[in-house]
Amino acid sequence: MAFSAFDSAAMLRAVELARCGEGLVEPNPMVGAVVATAGATPCIVGEGWHERFGGPHAEVIALAAAGDRARGGTIYVTLEPCCHHGKTPPCTDALIAAGIARAVAAAADPHPLVAGQGLARLAAAGVRVDVGLAEEEALRLTAPYRRLVTRGRPWVIAKWAAGPGGGLGSPPGRRWLSSEASRALVHQLRGRVDAILVGSGTALVDDPLLTPRPPGPRSPLRVVLDSRGRLGIDSQLVRTAAGAPLLVATGPAADPAWVSRIRAAGAEVWIGPDAPDGRLPELLAELGRRNCTNVLLEGGPTLLRAAFAAGAVDEAWVFVTDCAPAISDPSVAIHDLPGLSIDTVDIVGGDILLRGRLGTSAAAPPGGVTPGACRGSRSASG
Ligand code: AOF
Ligand code: ZN
């Protein structure tokens, strides 16, 4: 299928709109849609995106904006339209009822109740269906959703501060080494993920709160992987458990008296498998069962190394500071990470932020929403 320049522009606009739902729609996918008139000089008559979990889908919002002008027109949508009743009715029915003549989808929906059936339903109703335009962008956009739907585990973002050598995280006892601007960016990231995970060494030495400040669209579950049951009842994490959920993941050898004390303080204790190697993958599977779409791994070096060794990391955020190389653990460096490909390099405050994906992971391109992309885009532009 040859797509026109207008097709491409309309679909890239839909991708841009989809991103406006980041942090608000999960565990649903981010989806954007654009409705255009047909003919030699098409124009966009409606735009929309899935704005929040449980709310209307992108197509329905774009069709509402287009009104009667959708009849005989084309819809560009970043994900195959759904054909099942979830919290909202099937988008395929809405498209057919609106008289859409052509549907262009960037990629299929891996959801078992859709998986090609949405496109088939449209085709059976006489709608011309074209698939695969801007597929790479669409796959990146929905990579965390796809990870959850197809593998039952969340998308894992590993974040660490590194010296110029790129070593994996600062040793315990050193608080954030990067700039104010970097810290603000991390808090933004915290506010859009479902869980924040640290190892017990970091929890003991740094005594962190692990909350997004200021709050973001999501309130992440705070998780400590604490195999030996070392987290103190007087730690900031445990003391704030009543207000911000805390999950302490440990092993079967943990002292039952300690488990009881942690539970009595209002935290949840999850007891994983005996084998330490299996504990992190099992914990991620447990977070997947809880519908966590994105998990942020904040260190320290032991947990980060274990996560990389288990092939559990999908995306990396590395804040390279100009502090002395001695701040970072030289035993593992960025260039040792197999399959890490850096997508973006940004200057943030006084730091360099490298963001990339691991292995074959198709991450959402880091960087979030383009400023202004969501403003005033609902009404028809032509
Ligand atoms: C679309 N357009 O904008 C989105 C889709 O519970 P519901 O009704 O919100 O349905 C959620 C499912 O619908 C989700 O798992 C995925 O398969 C699909 N998401 N589909 O046509 C959208 N967000
Ligand atoms: Zn739908």
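Look a little higher up for the structure.
S.K.: Before we go on, may I ask you to explain the environment of alanine 10 in this structure?
M.R.: Here alanine 10 is to be found in helix α1 (residues 5–18). Residue classification places alanine 10 among the buried positions, given a relative accessible area of 2%. Taking the C-alpha atoms as reference, alanine 10 lies 7.9 Å from isoleucine 44; in sequence the two are 34 residues apart. Setting aside its immediate chain neighbours within four residues, alanine 10 contacts Val34 and Tyr76.

S.K.: Which parts of the structure should I look at to understand the coordination of the zinc ion (ligand 2)?
M.R.: Six octahedral donors at a metal ideally form angles of 90 or 180 degrees, and four tetrahedral donors ideally form angles of 109.5 degrees. Within the first shell, the zinc ion (ligand 2) binds the protein through His57 (ND1), Cys82 (SG) and Cys91 (SG), at distances of 2.0 to 2.2 Å. Note that the zinc ion (ligand 2) binds four donor atoms; their angles at the metal cover 97 to 122°, and the shape is tetrahedral. Site description for the zinc ion (ligand 2): donor spacing in sequence, H-x24-C-x8-C. Here histidine 57 is found in the loop between β2 (44–49) and α2 (58–66), whereas its partner cysteine 91 is found in helix α3 (residues 91–97), with 34 residues between them in sequence. Per residue, the accessibility class of histidine 57 equals that of cysteine 91, and both read buried.

S.K.: Can you walk me through unusual backbone geometry in this structure?
M.R.: Omega for the bond connecting glutamate 26 with proline 27 falls within 30 degrees of zero, at 10°, which places this linkage in the cis form. Here proline 27 is to be found in the loop between α1 and β1 (32–36). Cis geometry marks the peptide bond from arginine 213 to proline 214; its omega dihedral reads 0°. Residue placement: proline 214 occurs in the loop between α8 (200–206) and β8 (221–225). Even without being glycine, alanine 115 reaches a positive phi, approximately 40°. Relative to the helices and strands, alanine 115 is located in the loop between β4 (102–105) and α4 (117–124).

S.K.: How should I be thinking about the site of ligand 1 in this particular structure?
M.R.: Neighbouring ligand 1 are 18 residues; His57, Glu59, Lys87, Thr88 and Asp109 lie closest to it. Measuring from an oxygen atom of ligand 1, one finds a side-chain N or O atom of histidine 57 at 2.7 Å. A distance of 2.7 Å is found between an oxygen atom of ligand 1 and a backbone nitrogen or oxygen belonging to lysine 87. Starting from 510 Å² of accessible surface for ligand 1 in isolation, the protein chains cover 95%. Here the shell around ligand 1 is built from residues that sort into seven nonpolar, seven polar and four charged.

Calculation notes
- Residues numbered from 1 in each chain as written.
- Chains lettered and ligands numbered in written order.
- Predicted model: local features only at pLDDT ≥ 70, side-chain atom pairs only at ≥ 80, totals over all residues.
- Heavy atoms only, no water.
- Helix = DSSP H or I, 4+ residues; strand = E, 2+ residues; numbered from the N terminus.
- Buried < 20%, exposed > 50% of the residue type's maximum accessible area, 1.4 Å probe, protein only.
- Contact = heavy atoms within 4.5 Å.
- Donors = N, O, S within 2.8 Å, 3.2 Å for Na, K, Ca; no water.
- Tetrahedral: all angles 85-135°; square planar, octahedral: opposite > 155°, others 65-115°.
- Near = heavy atom within 4 Å.
- Polar contact = N/O pair within 3.5 Å; in protein donor to acceptor, adjacent residues only side chain to side chain.
- Areas by Shrake-Rupley, 256 points an atom, 1.4 Å probe, with all protein chains shown as cover.
- Nonpolar A, V, L, I, M, F, W, Y, C, P; charged D, E, K, R; others polar.

Purely spatial values, then, with no claim about function.
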